[in-house]
Amino acid sequence: MSAATTRGRTARTARTPVPDRLCAEAVDLARAAAEEAAAPGIVGEHVAVVSEGDRVVTHYFECKDPGYRGWRWAVTVARASRAKNVTLDETVLLPGSDALLAPEWVPWSERLRPGDMGPGDLLPTEADDLRLEPGYTGADEPLPNAPVTDELADLVDVEDAELTTRPDPAVRGSIAAVADELGMRRARVLSRYGLHSAADRWDEEFGPKTPMAQAAPASCVSCAFLVPLSGSLRQAFGVCANEFGPADGHVVSLSYGCGGHSEAAVMPKPPAAVPHRLDTVRVDEYPLHEASSSSSSEEDLGHA
């Protein structure tokens, strides 16, 4: 036998070890262990035996529990070197290739979708939320209504948190009181990332790439029903005030458009009335008797 053949056999043996004969034959021991762990009548037929290593074998049995379709009872047995007695290692219920599995758990902050919040629900924001940034600096301590305070920090990790008390007013003469007086009583404001995220959402629903905007006769930038926003978003968005439009009350892109544009189909003015040929209002004077020609001649002679 050559050295190459020996190395090839060693490699194959390391990858797929042959099941130990005594451990593989211990089907009854493995079944008894599975029936002890499971409810009566749950353990089904023996379906497979897999070698886990030297003198370590796992027996798989069918699970008949209706709630665990496709699952299998896995019982691992082993024996010591030069020993003839096979001992039990562990018993566990494992999913098979076609097992019915529960969906992967997702944190509440990732499960939340627009429209899920209802009256009375509390949605805490993380202290390092990328959408927010400090509204002002200089205070010795964060504002009472800031999510980074000790009162609200514990509520961030609680799904059913309830806010029962209102924040205390700012102390007179403090930075928070001055900010409140100047209309800056916001612990955090939208960051550049938060602005871009909001703009992407609004642009996707009421933006220039929507079918409504593609078929519109004009864009919202020239519409009289557009109410501009304030701040930096004014350059790209506004609020639609057309009650008959599809985006009434929504934030729309200036490049959005619909058939309700104020100047797209202006109704023509009614034409001016043509004056009547016959005036039926004015009173016309008509003489009752015409002056005779003879009387006119006599008057002329008398004057002469």
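Note that the structure is a prediction, hence the values are computed from the model and not measured. (Residues numbered from 1 in each chain as written. Predicted model: local features only at pLDDT ≥ 70, side-chain atom pairs only at ≥ 80, totals over all residues. Heavy atoms only, no water.)

**Topic: the overall build of the protein**
Then, number 1: When you go through the protein residue by residue, the secondary structure sums to nine helices and nine strands.
Then, number 2: Within the protein, the proportion of its 304 residues that are buried is 24%. (Helix = DSSP H or I, 4+ residues; strand = E, 2+ residues; numbered from the N terminus. Buried < 20%, exposed > 50% of the residue type's maximum accessible area, 1.4 Å probe, protein only.)

**As for the pairing of strand β1 (residues 43-53)**
Successive residues of a regular strand alternate their side chains across the two faces of the sheet.
Then, number 1: One ladder, built from seven bridges, connects β1 with strand β2 (residues 56-63); its direction is antiparallel. By the bridge assignment for β2, Gly53 is matched with Val56.
Then, number 2: Turn length for the β1-β2 hairpin, with the two strands adjacent in sequence and antiparallel, is two residues, and the turn residue Arg55 shows positive phi of about 60 degrees. (Pairing = 2+ DSSP bridges.)

**A word on the confidence of the model for the protein**
Then, number 1: Overall, the predicted model of the protein reaches an average pLDDT of 77, with 68% of residues at or above 70.
Then, number 2: Between residues 1-13, whose pLDDT stays under 50, and residues either more than four places distant or in other chains, the model counts two contacts. (pLDDT = per-residue confidence, 0-100. Contact = heavy atoms within 4.5 Å.)

**Thoughts on the side chain of Thr76**
Then, number 1: With respect to the helices and strands, Thr76 occurs in strand β3 (residues 71-78).
Then, number 2: Classification of Thr76 by relative accessible area gives buried; the value is 8%.
Then, number 3: In contact with Thr76, not counting residues within four places along its chain, are Val56, Val57, Thr58, Leu88, Asp89 and Glu90.

**Thoughts on the sheet that holds β1**
Then, number 1: Strand order in the open sheet formed by four strands is β1-β2-β3-β4, with antiparallel pairing between adjacent strands. One side of each edge strand has no neighbouring strand; the edge strands of this open sheet are β1 and β4 (87-95). Averaged over neighbouring strand pairs, the angle between their axes works out to 20 degrees when direction is ignored.
Then, number 2: Packed onto the sheet, helix α3 (residues 27-37) meets β1, β2, β3 and β4 and runs at close to 115 degrees relative to β1. (Axes fitted to C-alpha atoms, helices over the stretch in contact; angles between N-to-C directions.)

**So, the layout of surface pockets**
If a probe as big as a water molecule is rolled over the atoms, it shows which places are left empty.
Then, number 1: Size it by volume and the largest pocket reaches roughly 760 Å³.
Then, number 2: What lines the largest pocket is a set of 22 residues, and nearest its centre among them are Ser109, Leu112, Leu123, Arg131 and Arg201.
Then, number 3: Secondary structure elements with two or more residues in the lining of the largest pocket: α4 (108-111) and α7 (192-205).
Then, number 4: For the lining of the largest pocket, the element with the most residues is α7, which contributes four residues.
Then, number 5: Looking at the lining of the largest pocket, its residues break down into ten nonpolar, five polar and seven charged. (1 Å grid on protein atoms, 1.4 Å probe; cavity = no way out; pocket = protein on both sides within 12 Å on 5 of 7 lines; lining within 4 Å. Points joined across faces, edges and corners; volume = space filled by probe spheres on them. Nonpolar A, V, L, I, M, F, W, Y, C, P; charged D, E, K, R; others polar.)

**Digging into the side chain of His59**
Then, number 1: Within the secondary structure layout, His59 lies in strand β2.
Then, number 2: Among the residues examined, His59 registers a relative accessible area of 0% and is labelled buried.
Then, number 3: Among the polar contacts made by the side chain of His59, one reaches the side chain of His46 at a distance of 3.0 Å. (Polar contact = N/O pair within 3.5 Å; in protein donor to acceptor, adjacent residues only side chain to side chain.)

**Details of the nonpolar core**
Here is a general trend for soluble globular proteins: nonpolar side chains tend to be buried in one another's company.
Then, number 1: Counting 15 residues, the largest nonpolar core has Val43, Phe61, Trp73 and Val75 as its most contacted members.
Then, number 2: Broken down by element, this core gets its largest block of residues, four residues, from β3.
Then, number 3: Setting aside anything within four residues of it in sequence, one finds Val75 in contact with Ala30, Ala33, Ala34, Val57, Thr58, His59, Phe61, Leu88, Glu90 and Thr91.
Then, number 4: Listed in part, the nine residues of the second largest apolar core include Cys220, Leu226, Val252 and Leu254. (Core = buried A, V, L, I, M, F, W, Y, C linked by side-chain atoms within 4.5 Å.)

**Topic: α7**
Then, number 1: Between its first and last C-alpha atoms α7 spans 20 Å; for 14 residues at 1.5 Å apiece the expected length is 20 Å, and the two agree.
Then, number 2: Within α7, the full set of buried residues consists of Gly194, Ser197, Ala198 and Ala199.
Then, number 3: Against β6 (188-190) and β8 (237-240) lie the buried residues of α7. (Expected span 1.5 Å × (residues − 1).)

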